[in-house]
Amino acid sequence: MRKIFTILMMLLLAGWLLAGCSSEETAPNDPLPELTNEDVAHQSGYMAMALVEMAPVSLEFSGKADASDGRYQYTFADPEIQGDVQLYFEQGDAPSGYDVADYSQAWTGDEAPLALYPIEGGIAWLLAFSLESVIDQGAGTAVIGGAGTLTVGNYEAAFTVVGLAIERGGDWPAGGYMTFTNEGITATVTFDGDNTATIEIGDITWMLNLSNGTLTEL
Amino acid sequence: MVRRTLLLLAPMLVLVAATVAGQDLEELLTQVGEPYAEAYSEPLIHAFGANQNTGLYHTAHIPAGKLTFSIGVKVMGTYLNESDQSFQKVIENVDLGDYLPEGHPNAGDTGDIVLAGPTVFGSTEEVGTGTAYVNGVPVYQVEGIPGLLDTRWVPLFAPEMQVGGLFGLKGSIRWLPELNLSDYGKTKYLGLGIQWSPNFLLSPTFPVDLMVGYFGQEVELGTFIQTDASSVYAAASKRFGIADVYGGLAWESSTMKVDYTQIDTDVPVSFEKDGRMTNRVTIGATLNLGVMINAEMGIGKMVVYNLGLMFGM
């Protein structure tokens, strides 16, 4: 009886000890290098340029012409953007063809972000998003909103798109803005209606040339 | 006969397994440079040293005039912190020319390097990365290496023999025969220790057994890994029926030295690091059931467990 009691006590003690202790961390877990406002301005600028490339898809889809369930897939195979975007079109709350739709959704699949190559010879930035568009077929316009993430190397940025207005055949967004946050720094990118956008972080303002990515502090 | 054969065979199998693991680790490390290898190996360095300094005693009772002998095996395991399965090491404001391939357009710039991925005990499916940044923009990325073994338990096995009983002295040896492997070199495991109990100088009614001791060990896996570990400790134990309950304090040190040549650059890499564990509290118990079975826990900066099986008297 005494032996059994001793063994039980030891097992209880062992269980208590196993449950309660943990080793210190030994592997380095350094914070990422601090980003400057200008670093985030550059990143948000590249993101804005990618948005300009992608946005027309919801209005000017030119892929498969017939999809009874309203679902399509568009493949980007440009040097700067690569990967698939999933699309869904509807008219009057029912699935429809893209050419008659008054509403669309665009998103990247799970584990299948778009790869952006903003720097020649650089590494891919991974873009995941879910956007919605309200489409006016008669006027040939759409207004886009939504959110997503952009993985820039080891950094993970988040963005939201609000009221991004595009026109069929137009080269540049007619209006709208995007907020872009990385490492606690938030940039607001406002599309000026031409080939420029204005980026603001705190009280610093830059002008972004959407044609070539040049950033000029104002 | 079967039991004796198993006892002889088990340490050899353990040595072969450890050697194979060492070879696999060397194959992985030779694909990366020193900063990556050092960060990747940190959990191994700290756990290995803590393991070596574990299970050095299983009672403080040493007779003063009765010869005792025991032989068996000690199994140690460090339970790593969950975050030790991955790492992120940042090297800021460096000349990227030292890290980028020759001719890269950013080779003349100052930037940051971020090394990240699984550690040696992290995911074996995921591969780490080394990324160079200029102004927050990644300009170059190279693949790192996957984990060697996806686990939070870092084990070590040690065959051990103890002889004692004269004037409260006891000697211990941990030893494995040298293996000479082609492409790898010699493997070696040797540890020597001494313990002394002053109880024969104290009153026979003294309530507990006391003991102080020292143990030093070295392990070599070819020229690739060399470790040293030593521990000075004081312990006490008390017998309750078939069980000896024991506890102690230890002051210890350990070092691991890693040497290899990086394959793609042919650059020799060498680094040496001290183990994180420098002192510990040990509590444990030994059951005397004809064979001695002990279980203990060592608590310091690392948490280490030990199970031992010793035959003898």
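Residues numbered from 1 in each chain as written. Chains lettered and ligands numbered in written order. Predicted model: local features only at pLDDT ≥ 70, side-chain atom pairs only at ≥ 80, totals over all residues. Heavy atoms only, no water.

Trainee: Is there a simple way to explain the overall build of chain B in this structure?
Mentor: A count of helices and strands for chain B gives 2 helices and 15 strands. The proportion of buried residues among the 313 residues of chain B is 52%. Of the roughly 14000 Å² that chain B leaves accessible, carbon and sulfur atoms contribute 62%. (Helix = DSSP H or I, 4+ residues; strand = E, 2+ residues; numbered from the N terminus. Buried < 20%, exposed > 50% of the residue type's maximum accessible area, 1.4 Å probe, protein only. Areas by Shrake-Rupley, 256 points an atom, 1.4 Å probe, with all protein chains shown as cover.)

Trainee: How should the interface of chain A and chain B be read in this particular structure?
Mentor: When the parts come together, some accessible area is lost, and that loss is often what is quoted as the size of the interface. Across the boundary between the two partners, chain A contributes 33 residues, which contact 44 residues of chain B. Between chain A and chain B, roughly 3200 Å² of surface is buried when both sides are summed, and carbon and sulfur atoms account for 61% of that area. Scanning the region where chain A abuts chain B turns up 1 salt bridge. At the boundary of chain A and chain B, one finds 13 residue pairs in polar contact (both at pLDDT 80 or more). Secondary structure elements with two or more residues in the side of chain A that touches chain B: helix 1 (2-20) and helix 2 (37-54) of chain A. If you tally residues by element for the side of chain A that touches chain B, the top one is helix 1 of chain A, at 7 residues. In terms of residue class, the side of chain A that touches chain B is made up of 16 nonpolar, 10 polar and 7 charged. (Contact = heavy atoms within 4.5 Å. Buried area = accessible area lost by both parts, 1.4 Å probe. Salt bridge = Lys/Arg side-chain N within 4 Å of Asp/Glu carboxyl O. Polar contact = N/O pair within 3.5 Å; in protein donor to acceptor, adjacent residues only side chain to side chain. Nonpolar A, V, L, I, M, F, W, Y, C, P; charged D, E, K, R; others polar.)

Trainee: I tried to follow the side chain of Ser23 of chain A on my own but got confused; where do I start?
Mentor: Relative to the helices and strands, Ser23 of chain A is located in the loop between helix 1 and helix 2. In this structure the side chain of Ser23 of chain A is engaged in a polar contact, spanning 2.6 Å, whose partner is the backbone oxygen of Tyr79 of chain B.

Trainee: What exactly am I supposed to notice about the nonpolar core here?
Mentor: In globular proteins that are soluble, nonpolar side chains generally tend to be buried together. In terms of nonpolar packing, the biggest core is built from 57 residues, with Leu51, Leu127, Phe129, Leu150 and Met178 of chain A touching the most fellow members. If we ignore the near neighbours within four places in the chain, the residues touching Leu150 of chain A are Met47, Leu116, Trp125, Leu126, Leu127, Tyr155, Glu156, Ala157, Phe159 and Phe180 of chain A. Residues Leu25, Leu44, Val94 and Leu100 of chain B belong to the second largest nonpolar core, which totals 46 residues. (Core = buried A, V, L, I, M, F, W, Y, C linked by side-chain atoms within 4.5 Å.)

Trainee: Would you explain the side chain of Gln162 of chain B in this entry?
Mentor: Residues and elements named next belong to chain B. With respect to the element layout, Gln162 can be found in strand 6 (residues 153-166). Here Gln162 falls in the buried class, since its relative accessible area comes to 2%. A polar contact is formed between the side chain of Gln162 and the side chain of Glu160, at a distance of 3.0 Å. With sequence-adjacent residues up to four places away left out, Gln162 is seen in contact with Leu56, His58, Thr68, Phe69, Ser70, Lys170, Gly171, Ser172, Gln195 and Met310.

Trainee: How do you make sense of empty space enclosed by the protein when you look at a structure like this?
Mentor: A water-sized probe rolled over the atoms picks out the places where empty space is left. Under the definition given, this model contains 3 cavities of 30 Å³ or more. The computed volume of the largest cavity comes to approximately 90 Å³. Contributing to the lining of the largest cavity are Met54, Ala55, Val57, Ser58, Phe76, Val85, Leu87, Ala106, Phe129, Leu131, Ser133 and Ile144 of chain A. Taken together, the elements giving at least two residues each to the lining of the largest cavity come down to strand 2 (81-91) and strand 6 (125-136) of chain A. Considering each element in turn, the lining of the largest cavity owes the most residues, 3 residues, to strand 6 of chain A. Of the residues in the lining of the largest cavity, the class split is 10 nonpolar, 2 polar and no charged. Space inside the second largest cavity adds up to approximately 70 Å³. What lines the second largest cavity is simply Asn53, Gly55, Leu56, Tyr57, Ser231, Tyr233, Ala250, Arg280, Thr282 and Glu296 of chain B. Elements represented by at least two residues in the lining of the second largest cavity include exactly strand 10 (225-240) and strand 13 (279-289) of chain B. Classifying every residue of the lining of the second largest cavity by side-chain character gives 4 nonpolar, 4 polar and 2 charged. (1 Å grid on protein atoms, 1.4 Å probe; cavity = no way out; pocket = protein on both sides within 12 Å on 5 of 7 lines; lining within 4 Å. Points joined across faces, edges and corners; volume = space filled by probe spheres on them.)

Trainee: Would you explain the environment of Phe191 of chain A in this entry?
Mentor: Residues and elements named next belong to chain A. Of note, Phe191 is situated in strand 10 (residues 185-191). Sequence-wise, Phe191 and Ala165 are 26 residues apart; in three dimensions their C-alpha atoms are separated by 9.1 Å. With residues up to four places along the chain from it excluded, the contact list for Phe191 reads Ala48, Leu51, Val52, Leu164, Pro173, Gly175, Gly176, Tyr177, Thr196, Ala197 and Leu210.

Trainee: Help me understand the sheet that holds strand 2 (residues 86-95) of chain B in this model?
Mentor: One key point about sheets: their strands pair by backbone hydrogen bonds, in either a parallel or an antiparallel sense. All names here are of chain B. In spatial order, the strands read 2-3-4-5; together these 4 strands make up an open sheet with antiparallel pairing. Taken across any chain shown, the strands that pair with only one partner, and hence form the sheet edges, are strand 2 and strand 5 (137-143). Neighbouring strand axes in the sheet, compared pairwise and without regard to direction, differ in orientation by 20° on average. Sheet topology note: the strand 2/strand 3 (residues 110-118) ladder contains 8 bridges and is antiparallel. Considered in strand 3, the bridge of Val94 is made with Gly111. (Pairing = 2+ DSSP bridges. Axes fitted to C-alpha atoms, helices over the stretch in contact; angles between N-to-C directions.)

Trainee: Is there a simple way to think about helix 2 of chain A in this case?
Mentor: Given 3.6 residues per turn, any residue in an α-helix points the same way as the ones three and four places further on. Its 18 residues place the ends of helix 2 of chain A 26 Å apart at the C-alpha level, agreeing with the 26 Å of an ideal helix rising 1.5 Å per residue. Among the 18 residues of helix 2 of chain A, 13 are classified as buried, and the element is accordingly described as predominantly covered. (Expected span 1.5 Å × (residues − 1).)

Trainee: Looking at this model, I keep getting lost on the environment of Tyr133 of chain B. Mind explaining?
Mentor: One can find Tyr133 of chain B in strand 4 (residues 129-134). Residue Tyr133 of chain B is classed as buried on the basis of its relative accessible area, which comes to 1%. With 23 residues separating them along the chain, Tyr133 of chain B and Thr110 of chain B place their C-alpha atoms 8.9 Å apart. Setting aside residues no more than four positions away along its own chain, Tyr133 of chain B makes contact with Val152, Gly153, Asn154 and Tyr155 of chain A together with Leu96, Gly111, Asp112, Val114 and Pro138 of chain B. Only 2.5 Å separates the side chain of Tyr133 of chain B from the backbone nitrogen of Asn154 of chain A, close enough to count as a polar contact.

Trainee: What am I meant to see in the confidence of the model for chain B here?
Mentor: Do not read the predicted coordinates in detail wherever pLDDT is low. Taken residue by residue, chain B gives an average pLDDT of 89. The fraction at 70 or more is 91%. Here residues 5-9 of chain B is modelled with pLDDT under 50, and outside its nearest four sequence neighbours on either side it reaches 2 contacts, counting other chains as well. (pLDDT = per-residue confidence, 0-100.)

Trainee: What is the right way to look at the pattern of salt bridges in this model?
Mentor: A side chain of one charge can pair with a side chain of the opposite charge when the charged atoms of the two come close. Across all of its chains, the model carries 9 salt bridges over all chains by this definition. Here Arg276 of chain B and Glu24 of chain A are joined by a salt bridge, their closest N and O atoms 3.1 Å apart. Here Arg276 of chain B is found in the loop between strand 12 (268-274) and strand 13, whereas its partner Glu24 of chain A is found in the loop between helix 1 and helix 2 on a different chain. The exposure class of Arg276 of chain B is partly exposed, given its relative accessible area of 25%. A residue is classified by how much of its surface remains accessible, and Glu24 of chain A, at 33% relative accessible area, is partly exposed. Between Lys273 of chain B and Glu38 of chain B there is a salt bridge whose closest N-O contact spans 3.8 Å.

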